[in-house]
Amino acid sequence: MSGEEGPAQQQEPEQVKKPDEPPPAEAAEAKPESSSSSPAAAEEEQPISYRALVLTGYGGYDKIKLQVKSMKKSQLKAGEVLVRVKACGLNFAELLGRQGLYDLLPAPPVTMGMEGSGVIEAVAEDVTDRKVGDRVIAMKRHGMWQEVAVVPANRTFPIPEAMSFEEAAALPINYMTAYMMLFEMANLRPGKSVLIHMAAGGVGIAATQLCQTVQDVTIFGTASASKHETISQGGVTHPIDYRTKDYVTEIRKINPKGVDIVLDPLGGADTQKGFGLLKPLGMLIVFGTANCVTGQKKNLLAMAKTWYNQLTLNTLKLMQTNKAIAGFHLGYITDEELFERTLVKLLELYQQGKIKPRIDSCYHFEEVTEAMKRMHDRQNIGKVILIPEPKKSEEKPHSNAEEAENVGKNEAAVSDQKEEAAVEVEAEKD
């Protein structure tokens, strides 16, 4: 079973009195023997209906459907909690996943989303360090883009009192990725220089803020010219417009010897350029292949071009140049102690005022198409957030996007809702 059945398919059958049933008095006496007759058990057996964003196939924006699903609290297994989700993070991995380019996402149909925040509504009997009512950050490999989510308790973390649900949803993936690359792999120290590609994106802003926790770090950041003022105010020392200038040439003008660390989410020819920019004893960390994503659907030509231009090295070349190259993928980190230690450290930095997630925009589930378009077109400065709560008809989008981008935002979704009576709502078509 796919687990996507609507509430109508999972209703409890109506109880009909049989001739041989005991009289009411006898039945009342038998009640204490049945645990299912207690109010708490009855509540657990009551199905919970919730909305979820489901990837129904690989392709364009229309492959993300807003569906109504159901579950029971009694489905909780050992070590799990049930979270009422208030906000979810949108990551580049979801753009890849929609095109069938993210290996860790199961085949469709599957609910997407790797991070979120919310309030715990139920806990398994063996969970003692979380309780109902706790505000938590929650993470899992997929399945966070829904109104309620079952999450392993050890992948939930208390939200500081001053942190909003939106900030909490923006923190885990981007900041953990940036922190582990800079401090666990590259060993960032005072006086070093760092090149951050896509410096206005979620990971880019996280990396910029984390670099500023170390003294005298020079930050080169690539971004379109319209974002330079914002990233400069955020801590980028030298913003570079990658659309109109060659960033290698610009960096060499300022630092003829190059840089100590390159964070590369692009792949292809940019990986080769990054390696060439490294100083001796420098490190290049590849953590993405954004150059593969050029349109709504999988672009085989872009993929072939990226891989054709991909950097190829042998150990002799590394020895002769005294450089290091590394790869990073948060999805393949299985060390739970490392996970916990990193996120706890990030929450400490937040409470100390040293880092603060920048929220670019918030979109309700009905507006997932617009959210994905905004990230795909590199319009965002900071994190794009998805809100599970249904959008009110009179509510305007909470976004930094230009007003023109919001014209006709929900027309298709509203039409689908009327046609399918809320059993399945299609995400707005492109």
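So, here is what we can say about the structure in this document. (Residues numbered from 1 in each chain as written. Predicted model: local features only at pLDDT ≥ 70, side-chain atom pairs only at ≥ 80, totals over all residues. Heavy atoms only, no water.)

**Section: the overall build of the protein chain**
Broken down by element type, the protein chain carries 14 helices and 18 strands. Looking at the protein chain as a whole, 52% of its 430 residues qualify as buried. Here the contacts in the protein chain between residues at least 6 apart in sequence split such that 70% fall between residues at least 24 apart. (Helix = DSSP H or I, 4+ residues; strand = E, 2+ residues; numbered from the N terminus. Buried < 20%, exposed > 50% of the residue type's maximum accessible area, 1.4 Å probe, protein only. Contact = heavy atoms within 4.5 Å.)

**Details of unusual backbone geometry**
With an omega dihedral of 0°, the bond running from Pro108 to Pro109 counts as a cis peptide bond. Residue position: Pro109 is located in the loop between helix 3 (92-98) and strand 4 (110-111). The phi angle at Asp216 is positive, at roughly 55°, despite the residue not being glycine. Looking at the secondary structure, you find Asp216 in the loop between helix 6 (202-211) and strand 10 (218-222).

**A look at the nonpolar core**
Counting residues in each nonpolar core, the largest one holds 95 residues, and the members touching the most others are Trp145, Leu171, Val194, Leu263, Leu346 and Leu386. Ranked by residues supplied to this core, first place goes to helix 5 (residues 172-185) with eight residues. Residues within four places of Leu263 in sequence aside, it is in contact with Met181, Leu182, Val194, Leu195, Ile196, His197, Ala207, Ile285 and Phe287. Formed by 14 residues, the second largest nonpolar core is a distinct cluster that contains Val248, Phe275, Leu278 and Val286. (Core = buried A, V, L, I, M, F, W, Y, C linked by side-chain atoms within 4.5 Å.)

**A few points about the sheet that holds strand 9 (residues 193-196)**
Read across the sheet, six strands follow the order 11-10-9-12-13-14 without closing on themselves; strand pairing throughout is parallel. Both outer strands of the open sheet, strand 11 (238-240) and strand 14 (324-327), are each paired with one neighbouring strand and no more. Mean inter-strand twist for the sheet, computed between neighbouring axes without regard to direction, equals 15°. Of the strand pairs in this sheet, strand 13 (residues 278-286) and strand 14 are connected by four bridges, and their pairing is parallel. For Leu284, the partnering residue across the bridge sits in strand 14 and is Ile325. Contacting strand 9, strand 10, strand 11 and strand 12 (259-264), helix 8 (residues 247-254) crosses the sheet at an angle of about 155° to strand 11. (Pairing = 2+ DSSP bridges. Axes fitted to C-alpha atoms, helices over the stretch in contact; angles between N-to-C directions.)

**What about the pattern of salt bridges?**
This structure, assessed with the given rule, holds 14 salt bridges. Taking the shortest distance from any N to any O, the salt bridge between Lys383 and Glu115 comes out at 2.6 Å. You can see Lys383 sitting in strand 16 (residues 383-387) and its partner Glu115 sitting in strand 5 (residues 115-123), a full 268 residues away along the chain. Linked through salt bridges whose partners overlap, the residues forming this network are Arg51, Glu147 and Glu366. (Salt bridge = Lys/Arg side-chain N within 4 Å of Asp/Glu carboxyl O.)

**Some thoughts on helix 8**
All of the buried residues along helix 8 are Tyr247, Val248, Glu250 and Ile251. Down the axis of helix 8, the sector holding all buried residues measures 165°, keeping them to one side. Residues of helix 8 that are buried make contact with strand 9, strand 10, strand 11, strand 12 and helix 9 (269-277). (Arc of directions from axis to C-beta.)

**Quick look at the packing of helix 5 against helix 12 (residues 336-351)**
Interhelical geometry of helix 5 versus helix 12 gives an angle of 100° and a closest axis separation of 10 Å. Here helix 5 is positioned roughly perpendicular relative to helix 12, judged by the angle of their axes. Between helix 5 and helix 12, the residues in contact are Pro172, Tyr175, Met176, Tyr179, Met180 and Glu184 and Leu338, Phe339, Arg341, Thr342, Leu343, Lys345, Leu346 and Leu349, respectively. For the contact of helix 5 with helix 12, the class distribution of residues is 10 nonpolar, one polar and three charged. (Parallel < 35°, antiparallel > 145°, perpendicular 65-115°, else oblique. Nonpolar A, V, L, I, M, F, W, Y, C, P; charged D, E, K, R; others polar.)

**Overview of helix 6**
Buried residues dominate helix 6, accounting for 10 of its 10 residues. Contacts made by the buried residues of helix 6 are with helix 5, strand 9, strand 10, helix 7 (228-234), strand 12 and helix 12.

**Here's the deal with the packing of helix 8 against helix 9**
For the pair helix 8 and helix 9, the least separation of the axes is 11 Å and the interaxial angle reads 10°. The angle between the axes of helix 8 and helix 9 places the two elements in the roughly parallel class. The two elements helix 8 and helix 9 meet at a crossing, and its hand is right-handed. The segment helix 8 lies against helix 9, with Tyr247, Val248, Ile251 and Arg252 engaging Asp270, Lys273, Gly276 and Leu277. (Left-handed = near helix turned anticlockwise from the far one by under 90°.)

**Digging into the environment of Gly382**
Among the structural elements, Gly382 can be located in the loop between helix 13 (368-376) and strand 16. Judged by relative accessible area, Gly382 falls into the buried class, the value being 3%. When the C-alpha atoms of Gly382 and Gly201 are compared, they prove to be 5.0 Å apart, with 181 residues separating the residues in sequence. Residue contacts for Gly382: discarding those within four places in its chain leaves Ala200, Gly201, Gly202, Ile205, Arg358 and Asp360.

**Things to note about the packing of aromatic side chains**
Two aromatic rings, taken as a pair, are described by how far apart their centres are and by the angle between their planes. Scanning all chains against the criterion turns up one aromatic pair. Pairing Tyr179 with Phe183 gives two aromatic rings, centres 4.8 Å apart and planes at 50°, and the pair type is tilted. Linking Tyr179 with Phe183, this pair stays in helix 5, spanning four residues, or about one helical turn. By relative accessible area, which is 22% here, Phe183 ends up partly exposed. (Phe/Tyr/Trp six-rings, centres within 6.5 Å; stacked < 30°, edge-to-face > 60°.)

These figures capture arrangement, not role.
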